[in-house]
Amino acid sequence: MKAIRQYTFGVPEVLQLEEVPDPVAGPGQVVVTVHAAGVNPVETYIRSGIYPKPPTPFTLGNDGAGIVESIGDEVENVSVGDRVYIAGSRSGTYAEKTLCNATNVFPLSERAGFSQGAAVYVPYGTAHQAMFHRGRARAGETVFIHGGSGGVGIAAIQFARNAGMTVIASGGTDRGRALILEQGAHHVLDHTKDGYLEQLMTLTDGRGADLIMEMLANVNLSKDLDVVAQNGRIVVIGNRGERNQGTIAINPRTAMARDADILGMNMNNASRQERGDTHAAIVAGLEDGTLQPVIGQEFPLAEAAAAHHAVIENRAYGKIVLLP
């Protein structure tokens, strides 16, 4: 089979398409024929060496969707031929086939295409964990999604609308802001313009947002503290910059005055119960159509480097996927 392999860390062009042996399912494992693989910002960090470096060579990717090709002993939750989305891979999803623990594959509704299935795990898992488990979102509250046109932002809008929240989101392009409204946000702001956060305060009658989902904390966190409501929560989902960069100065008194919480989140820290809740919500949402991932761009597997450039350089608009 063909797979993207990485032997060193650096620019996107270190990603190489190679012929590698097919994976074989052991006990408790499945092999999935990958029809689409999700590309996420975190993979650009791993590829460049910002995050702890895995042993080389390796294949990136934990998101994907496809058909179960084979199963090992002791596998009972899926069968050969099942449509599934992948929420974690042992061998990487930037490949024609991938090896997964059976506990990391979940049924993919016929209502969702494979590219949509590949857009589920990291974006929707992140949005659900940040909004409900870390952010303690409740019906009737106002959520501000500071960067709403990317994969996580769209997922957050859909979850929030389904939960009965008032949704305000920001985008940096006309196309992105139109997408935000299409996905059900009640209000959209242009975060490239001065004064956009004053609009947020006006929309909330001066209260601010009960919950802020922050995608670019190194730029926005200090601003968020000025527009979070009394007893509000700010969940830090994204922060750009090298390991020792991306820092920001904040005034803690702003948080003190509001009894506000600043909460970090990392999906890897979710408990087993939280993961179960998240996947139950995702499976149900895909089945009833309330969750509909938006695909921004599709690239052939051989163009993984171009997909990484798109993630880094393009304004957020939906999910980027690879097609093996």
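Bear in mind that the values here come from a model prediction, so they are computed numbers and not experimental data.

Now for the packing of helix 1 (residues 41-48) against helix 10 (residues 304-313). The angle between the axes and the distance between the axes are what describe a pair of packed helices. In contact at an axis separation of 9 Å, helix 1 and helix 10 are set at 115° when each is read in the N-to-C sense. The pairing of helix 1 with helix 10 is recorded here as roughly perpendicular in orientation. Here helix 1 and helix 10 pass one another in a crossing that is left-handed. Along its contact with helix 1, which presents P41, E43, T44 and R47, the element helix 10 presents H308, V311 and I312. Grouping the constituent residues of the contact of helix 1 with helix 10 by class yields 3 nonpolar, 2 polar and 2 charged.

Below, the discussion takes up helix 6 (residues 196-203). Listed in full, the buried residues belonging to helix 6 are Y196, L197 and L200. Buried residues of helix 6, viewed axially, fall in a sector of 100°; they line one side. Exposed and facing more than 90 degrees away from the buried side of helix 6 are E198 and T202. Considering only its buried residues, helix 6 is in contact with strand 8 (142-146), strand 9 (166-171), strand 10 (187-190) and helix 7 (217-227).

A side chain with one charge can pair with a side chain of the opposite charge if their charged atoms come near. Across all of its chains, the model carries 11 salt bridges by this definition. A salt bridge links K97 to D22; its shortest N-O distance comes to 3.0 Å. A residue pair is termed long-range when its members are at least 10 positions apart, and K97 in strand 6 (residues 97-101) and D22 in the loop between strand 2 (15-19) and strand 3 (29-39) qualify at 75 residues. With a closest N to O distance of 2.5 Å, R177 and D174 form a salt bridge. Linking R177 with D174, this pair stays in helix 5 (residues 174-182), spanning 3 residues, or about one helical turn. Judged by relative accessible area, which is 61%, D174 ranks as exposed. A single salt-bridge network, built from bridges that share partners, covers D22, E69 and K97.

Turning next to the packing of helix 3 (residues 121-134) against helix 4 (residues 151-162). Interaxial distance between helix 3 and helix 4 falls to 8 Å at its minimum, and their mutual angle equals 55°. One way to sum up the angle between helix 3 and helix 4 is to call them oblique. Where helix 3 crosses over helix 4, the two elements pack in a sense that is right-handed. Contacts between helix 3 and helix 4 involve P123, Y124, T126, A127, H128, M131 and F132 on the former and, on the latter, G151, V152, I154, A155, A156, Q158, F159 and A160. A per-class count over the contact of helix 3 with helix 4 returns 11 nonpolar, 4 polar and no charged.

Here the focus is the sheet that holds strand 11 (residues 209-214). An order of 10-9-8-11-12-13 is seen for the 6 strands of this open sheet, with the pairing classed as parallel. Two strands in the sheet have a free side with no partner beyond their single neighbour: strand 10 and strand 13 (261-264). Between one strand axis and the next, the sheet turns through 20° on average, direction left out of account. Taken strand by strand, helix 5 contacts strand 9 and strand 10, and its axis lies near 165° from that of strand 10.

We now examine the side chain of K319. Here K319 lies in strand 15 (residues 319-323). A polar contact is formed between the side chain of K319 and the side chain of N40, at a distance of 2.3 Å. Non-local contacts of K319, meaning those with residues more than four positions away in its chain, are made with G38, V39, N40, D63, A118, A119, P123, V294, I295, G296 and Q297.

As a further point, take unusual backbone geometry. In this structure, the amide linkage connecting T56 to the following residue, P57, adopts the cis form with an omega of -5°. At D205, a position not held by glycine, the phi torsion is positive, near 55°. Assignment of secondary structure puts D205 in the loop between helix 6 and strand 11. A residue is classified by how much of its surface remains accessible, and D205, at 73% relative accessible area, is exposed. Of note, N231 is a non-glycine position whose phi angle comes to about 65°, a positive value.

When you tally the buried positions in strand 15, you get 4 out of 5 residues, the bulk of the element. Relative to strand 15, strand 3 runs antiparallel, the two sharing 3 bridges. Considered in strand 15, the bridge of A37 is made with L322. Strand direction decides the pairing type here: strand 14 (residues 295-300) and strand 15, joined by 5 bridges, are parallel. Note on strand 15: the bridge partner recorded for F299 is L322.

Turning our attention to the nonpolar core. Counting residues in each nonpolar core, the largest one holds 46 residues, and the members touching the most others are M131, V143, I145 and M213. Looking at this core, the elements that each hand over two or more residues are strand 5 (83-87), helix 3, strand 8, helix 4, strand 9, helix 5, strand 11 and helix 9 (272-288). The leading source of residues in this core is helix 4, at 7 residues. In this view, I145 contacts G153, A156, I157, V167, I168, A169, S170, M213 and M215; residues no more than four positions away in its chain are not counted.

Quick notes on the rules
- Residues numbered from 1 in each chain as written.
- Predicted model: local features only at pLDDT ≥ 70, side-chain atom pairs only at ≥ 80, totals over all residues.
- Heavy atoms only, no water.
- Axes fitted to C-alpha atoms, helices over the stretch in contact; angles between N-to-C directions.
- Helix = DSSP H or I, 4+ residues; strand = E, 2+ residues; numbered from the N terminus.
- Parallel < 35°, antiparallel > 145°, perpendicular 65-115°, else oblique.
- Left-handed = near helix turned anticlockwise from the far one by under 90°.
- Contact = heavy atoms within 4.5 Å.
- Nonpolar A, V, L, I, M, F, W, Y, C, P; charged D, E, K, R; others polar.
- Buried < 20%, exposed > 50% of the residue type's maximum accessible area, 1.4 Å probe, protein only.
- Arc of directions from axis to C-beta.
- Salt bridge = Lys/Arg side-chain N within 4 Å of Asp/Glu carboxyl O.
- Pairing = 2+ DSSP bridges.
- Polar contact = N/O pair within 3.5 Å; in protein donor to acceptor, adjacent residues only side chain to side chain.
- Core = buried A, V, L, I, M, F, W, Y, C linked by side-chain atoms within 4.5 Å.

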